[in-house]
Amino acid sequence: MKTRQCIITLLTDFGTEDGYVGAMKGVLLNSIPDVSIVDITHNIQPFNYRQAAFSLMNYAFYFPAGTIHLALVDPGVGTGRDCLILKTSDYYFIGPNNGIFSYILHTTGYRAFRIRTELFGSKVSPTFHGRDIFAPAAVRILKGESPDKFSQPLEHLTSFYESFDDLEDDEYRLKVIHVDHFGNLIVNFTLSDWKTLGSPPDVRAQINHSFIYGIKRTFAEAAVDQLLLTWDSRGFLQLAQNCGNAARTLNMKAGDHIVLKVSHSREKEP
Amino acid sequence: MKTRQCIITLLTDFGTEDGYVGAMKGVLLNSIPDVSIVDITHNIQPFNYRQAAFSLMNYAFYFPAGTIHLALVDPGVGTGRDCLILKTSDYYFIGPNNGIFSYILHTTGYRAFRIRTELFGSKVSPTFHGRDIFAPAAVRILKGESPDKFSQPLEHLTSFYESFDDLEDDEYRLKVIHVDHFGNLIVNFTLSDWKTLGSPPDVRAQINHSFIYGIKRTFAEAAVDQLLLTWDSRGFLQLAQNCGNAARTLNMKAGDHIVLKVSHSREKEP
Amino acid sequence: MKTRQCIITLLTDFGTEDGYVGAMKGVLLNSIPDVSIVDITHNIQPFNYRQAAFSLMNYAFYFPAGTIHLALVDPGVGTGRDCLILKTSDYYFIGPNNGIFSYILHTTGYRAFRIRTELFGSKVSPTFHGRDIFAPAAVRILKGESPDKFSQPLEHLTSFYESFDDLEDDEYRLKVIHVDHFGNLIVNFTLSDWKTLGSPPDVRAQINHSFIYGIKRTFAEAAVDQLLLTWDSRGFLQLAQNCGNAARTLNMKAGDHIVLKVSHSREKEP
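Residues numbered from 1 in each chain as written. Chains lettered and ligands numbered in written order. Predicted model: local features only at pLDDT ≥ 70, side-chain atom pairs only at ≥ 80, totals over all residues.

## Considering helix α4 (residues 129-142) of chain B
All names here are of chain B. If you check α4, its first and last C-alpha atoms are 18 Å apart, about what 14 residues at 1.5 Å a residue would give, namely 20 Å. Bending of α4 peaks at approximately 25 degrees at the position of Ala135, with proline Pro136 no more than four residues after it. Of all 14 residues making up α4, 12 are buried, and the element is well covered by its neighbours. Regarding α4, the residues found buried are His129, Gly130, Arg131, Asp132, Ile133, Phe134, Ala135, Pro136, Ala137, Ala138, Ile141 and Leu142. Those residues of α4 that are buried lie in contact with β1 (7-12), α1 (20-31), β3 (68-72), β4 (83-87), β5 (92-96) and β6 (111-115). Phi for Gly144, located one or two positions after α4, is positive at around 100 degrees. (Helix = DSSP H or I, 4+ residues; strand = E, 2+ residues; numbered from the N terminus. Expected span 1.5 Å × (residues − 1). Bend = angle between axes of the 7 residues up to and from the residue. Buried ≥ 20, exposed ≤ 12 C-beta atoms within 10 Å, placed from the backbone. Contact = placed C-beta atoms within 7 Å.)

Laid out in structure tokens, this is it:
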């Protein structure tokens, strides 16, 4: 009989230097000796669950079925916010109900549960649910318990997923939803959106008073230090700089906007 | 027969980018193929063994019995400082004898050994005991060797554990012993200290000329950006800022002091 | 029959916060359930394959035979640069052919292969070969496939390995090839180079208009904050500062030079 793999991924904004993540790893290993704990990151900016939400989508679906994804960026720890379990066809997602799973909810079917935290004993720290509630909940699932035993169906799920705005004359207002490690500015417009628009051959992005023309296949199709548009590795449009940091160069950040103009007849770049 | 779990945790100030930690992992895996190496952190501030000492306490005791905790923040590498093995009822702690185990020593019983470094061969680098002495010592213990074979009892253990100062009129001078990733300022006063004082209902912290009243249960009981006192997840008092960074806001750091005044009759906040 | 160990080490400049490394881990675990993924670092400075090249040498050879070392610092992703497999007597190295393996090539014998990326399907992202080509290539090797099946011999290997310059009168011009986490400035002159010169007892380094005399065995042989020369843990000469950060103190960086003067008759330090 093949042993079921026990994989838990960890994404947090805890940093590692205080041993908070270490405590969670201890709790997990103490309960499930053969668990594989996979560090995704502990460097999410403090409290930035939007950054976490985007990152989640970059890795979650590459893991083997059965994997439990813990995602803990939780400024509301100890308040009334719910502790969430999301069951999709292949995975469990566990974390606070603050929008951290916005993109997952948008991408796949799911069943949602609210953890009954009162069942997790009297010694729960009100400031460290990661160690005292979320990790133990993951353990119970990995041990084969049904979420029904310690959670109940949840109706209202927090999500901040946002489509791009349709302006006029083939213009669209796009929002920077993520700035990655290399300073690439990723916006809420995908390859599939582009196809829905009829795959317009001409695309022009306006940032303040500058323009970027065309969508390149690779960074290197632009000159060194030149700004460009390209599809990121998940099919989102990104504003990048070859061998540079677009966010720094343009002084832009998540939440900022750019205007995209598409055209169905090929125009010449001026 | 159940296989004994082989877990080694790693805490260092090495950073990861030079491959120094990688070298240690290689040494461990080369000797013990089924070892589980658990990264705690490699981001301790260079040489800051006080930060490391506090962090250790946050995770060490959550791990399965038999775990070996390596803790290497070692500005004195290559000097006369001893290489230490600490055996507690459940764990081994291995690292330099520079105070990095101060809180562990204060918390639990132990036997202490000095590693006989001369037994570790002629190729020991005087600047990298982590790779050439500490990791190999962990290997020998995991392989079942008694520490007696390559170490000898050690009497003098370095510790910087410090109690708070009792001033007068129910006032106490507390020291910031740790600043965590979120900027929480943790002081040397615990929930158990508070109970020893008779659980005084009124507590007031003075920082320079400002006051903070009461101990809150969660961050969210304070308004956003408000400073508060609360117990950290191990029962230490901390000065925090809801959704903010108290250390940055107050421009305070480890080693700074605050004055705590307690009162046994409930006073009104002015 | 002993199970073959499956170890893959990861060194990248991806950071961890976007989940790009997470995606690679998912791909690896999905294909090889019992793989051991060893994080070396994800904090290489963006695009700095020279830093990566030096770090590689610090850990690669400590791992068990059979280990696959993935090293991905790849500013040229999506361009014509080749995807490289290097087979040495004990290891596989996989990464871009941009010089990241310069020190490995200099250190050991090898056979080199160019990955035939066109065999990796039509869904390869032009900006994320780590997930879509390099990790899958590692999987194929770990599953026992010969590199011949998906790669072909490669002649031209990029390398930037550089010897020190021989000036005159026992003077040598050394280049800073690496600055480590502690600010140690490591130069292209080794213990073995020194022996080749006849182990001259007197050594003097000139940095701008300052001099440092002698090679110390340990940091602590210098006073606190004093600059010193010593051998690093792999036998390279380094310019360091006891309990300090030499790079910051001297405002020096990789690529800078120092002049080393040796003398075969012991002179007095002035």
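Now that the structure is up, let's keep going.
## Focus on the relation of the copies chain B and chain A
Of the transformation placing chain B onto chain A, the axial shift is 0.0 Å and the rotation is 120 degrees, giving an RMSD of 0.0 Å. Both copies are brought into coincidence by an operation consistent with a three-fold rotation axis. An overlap of only 4% is found between the interface residues of chain B and their copies at the interface of chain A, pointing to separate contact surfaces. (Least-squares fit on C-alpha atoms with pLDDT ≥ 70 in both.)

## Thoughts on the nonpolar core
Counting residues in each nonpolar core, the largest one holds 243 residues, and the members touching the most others are Val187(A) and Val187(C). Sequence-distant contacts of Val187(A), that is, excluding residues within four places in its chain, are made with Leu174(A), Lys175(A), Val176(A), Ile177(A), Phe236(A), Leu237(A), Leu239(A) and Ile258(A). (Core = buried A, V, L, I, M, F, W, Y, C linked by C-beta atoms within 7 Å.)

## Here's the deal with the pairing of strand β16 (residues 257-263) of chain C
Residue and element names in this part refer to chain C. Here strand β9 (residues 171-179) pairs with β16 via 5 bridges, running antiparallel. Counted as the bridge partner of Tyr172 is Leu260 from β16. Pairing of strand β11 (residues 202-207) with β16, which is carried by 5 bridges, proceeds in the antiparallel orientation. If you follow Arg204 over to β16, its bridge partner there is Lys261. (Pairing = 2+ DSSP bridges.)

## Observations concerning the relation of the copies chain C and chain A
Each copy of the sequence occupies a distinct position, and chain C is placed on chain A by a rotation of 120 degrees and an axial shift of 0.0 Å, giving an RMSD of 0.0 Å. Taken together, the interface assignments show that only 4% of the residues at the interface of chain C recur at the interface of chain A, consistent with different surfaces on the two copies.

## Quick word on the interface of chain C and chain A
At the junction of the two partners, chain C supplies 27 residues and chain A supplies 28 residues. The leading source of residues in the side of chain C that touches chain A is helix α1 (residues 20-31) of chain C, at 8 residues. A breakdown of the residues in the side of chain C that touches chain A according to their chemical character gives 11 nonpolar, 11 polar and 5 charged. (Nonpolar A, V, L, I, M, F, W, Y, C, P; charged D, E, K, R; others polar.)

## Quick notes on the interface of chain B and chain A
Contacts between the two partners involve 28 residues from chain B, matched on the other side by 27 residues from chain A. Breaking the side of chain B that touches chain A down by element, the ones donating at least two residues are β1, β2 (36-41) and α2 (49-59) of chain B. For the side of chain B that touches chain A, the element with the most residues is α2(B), which contributes 5 residues.

## Things to note about the sheet that holds strand β4 (residues 83-87) of chain A
All names here are of chain A. A sheet is described by the order of its strands in space; here 7 strands give the open sequence β2-β1-β3-β5-β4-β6-β7, paired in mixed fashion. The two strands at the open ends of the sheet, each matched to only one other strand, are β2 (36-41) and β7 (151-153). On average, each strand axis in the sheet is inclined to that of its neighbour by 25 degrees, with strand direction left out of account. Pairing between strand β6 (residues 111-115) and β7: 3 bridges, direction antiparallel. By the bridge assignment for β7, Arg114 is matched with Gln152. Relative to the sheet, helix α4 (residues 129-142) contacts β1 (7-12), β3 (68-72), β4, β5 (92-96) and β6, its axis offset from that of β3 by approximately 170 degrees. (Axes fitted to C-alpha atoms, helices over the stretch in contact; angles between N-to-C directions.)

## Quick notes on the domain arrangement of chain A
All names here are of chain A. The domain boundaries assigned to chain A delineate domain 1 (7-153) and domain 2 (165-263). Summarising the inter-unit geometry, the C-alpha centres of domain 1 and domain 2 are found 32 Å apart. Counting residues at the interface gives 5 residues for domain 1, matched by 4 residues for domain 2. Taken together, the residues of the side of domain 1 that touches domain 2 sort by class into 2 nonpolar, 2 polar and 1 charged. (Domains from an automatic or database assignment.)

## Observations concerning the packing of α1(B) against α4(B)
Residue and element names in this part refer to chain B. Across the interface, α1 lies against α4 with an axial gap of 9 Å and an inter-helix angle of 35 degrees. Here the hand of the crossing between α1 and α4 comes out right-handed. Every residue of α4 that contacts α1 at Ala23, Met24, Val27, Leu28 and Ser31 is listed here: Gly130, Arg131, Ala135, Pro136 and Val139. Across the contact of α1 with α4, the residue classes tally to 7 nonpolar, 2 polar and 1 charged. (Left-handed = near helix turned anticlockwise from the far one by under 90°.)

## Structural notes on the sheet that holds strand β1 (residues 7-12) of chain C
Residues and elements named next belong to chain C. The sheet built from 7 strands is open, its strands ordered β2-β1-β3-β5-β4-β6-β7 with mixed pairing. Strand pairing shows two members of the sheet lacking a second neighbour, β2 (36-41) and β7 (151-153), which therefore form its edges. On average, adjacent strands in this sheet sit at an angle of 25 degrees to one another, irrespective of strand direction. Here β1 runs beside β2; their pairing, made up of 5 bridges, is parallel. Opposite Ile7, over in β2, you have Ser36 as the bridge partner. Contacts from helix α4 (residues 129-142) reach β1, β3 (68-72), β4 (83-87), β5 (92-96) and β6 (111-115) within the one sheet, and its direction differs from that of β3 by about 170 degrees.

## Considerations on the environment of Phe211(A)
Residue and element names in this part refer to chain A. Secondary-structure assignment places Phe211 in strand β12 (residues 210-213). Look at Phe211 and you get partly exposed, because 14 C-beta atoms sit within 10 Å. Separated by 17 residues in the primary sequence, Phe211 and Leu228 have C-alpha atoms spaced 9.8 Å apart. When near neighbours in sequence (up to four residues on either side) are disregarded, Phe211 contacts Arg204, Ala205 and Gln206.

## Looking at unusual backbone geometry
With a phi angle near 75 degrees, Asp225(A) is a residue other than glycine that sits in the positive phi range. Inspection of the secondary structure assignment puts Asp225(A) in the loop between β13 (215-216) and β14 (227-231). Even without glycine at this site, Asp169(B) takes up a positive phi of about 55 degrees. Structurally, Asp169(B) is set in the loop between β8 (165-166) and β9 (171-179). What makes Asp169(B) exposed here is the crowd of 7 C-beta atoms within 10 Å.

## A look at the confidence of the model for chain A
When pLDDT drops low, the exact placement of atoms in the prediction is not to be read closely. With 97% of its residues at a pLDDT of at least 70, chain A reaches an overall mean of 93. Note on the complex model: pTM 0.94, ipTM 0.93. (pLDDT = per-residue confidence, 0-100.)

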